[in-house]
Amino acid sequence: MPQPIHVSELLQLQKEGINVVDVRTHSEFLQGHIPKAINIELFSNVERARVGKLYKKVGREEAIKLGLELVGPKLKQLVETIVQHTINNRVVLHCWRGGMRSGSVAWLIELMGIKVYVLKGGYKAFRSHVLSTFQIPLKLVVVGGKTGSAKTKVLKAIQEQGKQILDLEELANHRGSAFGAKEGSNLTQEQFENDLFEAIKQLDATQQIFIEDESRVIGKKVIPETIWHSMRSAPLINLNVSNQARVNYLVEDYGKLPKEILEANLHKIAKRLGGLSYHQSLDALNKGDLVTVCKICLVYYDKAYLHGLSMREKESILTLDFDSIDIKNVTKMVIDYAIQL
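Residues numbered from 1 in each chain as written. Predicted model: local features only at pLDDT ≥ 70, side-chain atom pairs only at ≥ 80, totals over all residues. Heavy atoms only, no water.

Quick look at the nonpolar core
Ranked by size, the top nonpolar core spans 40 residues in total, and within it Leu10, Ile34, Val92, Phe126, Leu166, Leu168 and Leu196 carry the most contacts. Discounting chain neighbours no more than four positions away, the residues touching Leu166 are Leu155, Leu171, Leu196, Ala199, Ile200, Leu203, Ile209, Phe210, Ile211 and Glu212. (Core = buried A, V, L, I, M, F, W, Y, C linked by side-chain atoms within 4.5 Å. Buried < 20%, exposed > 50% of the residue type's maximum accessible area, 1.4 Å probe, protein only. Contact = heavy atoms within 4.5 Å.)

Some remarks on unusual backbone geometry
The residue Asn88 is not glycine, and still its phi comes out positive at about 50°. In this structure, Asn88 sits in the loop between α5 (75–84) and β4 (90–94). A relative accessible area of 63% means that Asn88 is categorised as exposed. One non-glycine residue with positive phi stands out, namely Ala150, at about 65°. Residue placement: Ala150 occurs in the loop between β6 (140–145) and α8 (151–160). (Helix = DSSP H or I, 4+ residues; strand = E, 2+ residues; numbered from the N terminus.)

Quick word on the pattern of salt bridges
If you walk through the whole model with that rule in mind, you get 12 salt bridges. One salt bridge in this structure joins Lys156 and Glu170, with 2.8 Å as the shortest N-O distance. On the criterion of sequence distance, the pair formed by Lys156 in helix α8 and Glu170 in helix α9 (residues 168–172) is long-range, its members being 14 residues apart. What makes Glu170 partly exposed here is its relative accessible area of 48%. The salt bridge involving Lys332 is made with Asp336; its shortest N-O contact spans 2.8 Å. (Salt bridge = Lys/Arg side-chain N within 4 Å of Asp/Glu carboxyl O.)

Some words on the sheet that holds strand β2 (residues 20–22)
Overall, parallel pairing links the 5 strands, which are arranged β1-β5-β4-β2-β3 in an open sheet. The strands lining the two open edges of the sheet, one partner per strand, are β1 (3–5) and β3 (38–39). Summarising the sheet, β2 and β3 pair through 2 bridges and their orientation is parallel. Within the sheet, the bridge partner assigned to Asp22 lies in β3 and is Asn39. (Pairing = 2+ DSSP bridges.)

With respect to the sheet that holds strand β7 (residues 164–166)
By definition, the strands of a sheet pair up through backbone hydrogen bonds, in either a parallel or an antiparallel sense. In space, the 5 strands of this open sheet follow the order β7-β8-β6-β11-β12, with parallel pairing throughout. Sheet topology places β7 and β12 (317–322) at the edges, where each strand pairs with a single neighbour. Strand after strand, the sheet turns through a mean of 25° between neighbouring axes, direction not considered. The pairing of β7 with strand β8 (residues 209–212) spans 3 bridges and is parallel. (Axes fitted to C-alpha atoms, helices over the stretch in contact; angles between N-to-C directions.)

Here it is as structure tokens:
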């Protein structure tokens, strides 16, 4: 018989290299899935809709008959595909609530002599586990600074020094401002949270975790409330980098983008810049004067950052002043000060 397992057992099996197969539809999988899971759908999106509609209108028995009719022609290939993903003759299966879809497929796979584990409560149980995990306190150290302070590069350099980091911008596939969107991402809020859970479970919650100061929303992804509150109450090391150094950094970093993209991004913050500043920034962009574009935008971004800084307890903020951006030097100072916290 397939062996029912809890989420904690599934996570342990993943550590051992056992694959998790998600038999839900592709659209369900895209909405949100267990990190590293493999999607081998039992029904297509259209087929699942047909079965569900019949279940509601006629009843369980007729829905099962239709399901068997739809699955029958592709059953052989479905089983063969899942078997190909077994490791050491073992595999984990799940669907939405650990019901009929995963149970029926598990029974067939076991006939092949394979040890099958079925997640109790399915993906729904995994989501509950994810959200409950966010309640666990984290020992955060926040690295802050105005736009252009190279916070992300410093965070990566801190990791290279063997320290723990949580890179929210990487998980959200966004760089945190109107200019930070990355192309080709269909990441949902749900999957962002799942991936965040995956990143956190790799960390030691009893040791310091460095994280970049962020607004509650990164692009279109919202930081879970409990983690957000932890970030706001954690000690903050504020990188106070000179304006000229920040402008130079931003011109080098964003100046490689095509003019059309920069113009589109300026349009996103037009109202916040104000009509005059917005048109001045467009005029400077058309002239190739990226320094002026940066200076105009920083007026808005600096005001927003300073407002966020003012909402923190002053005693929790440690400001480090830098005339230039020397990643190695900044990183060393941040780590040295964090040791004292």
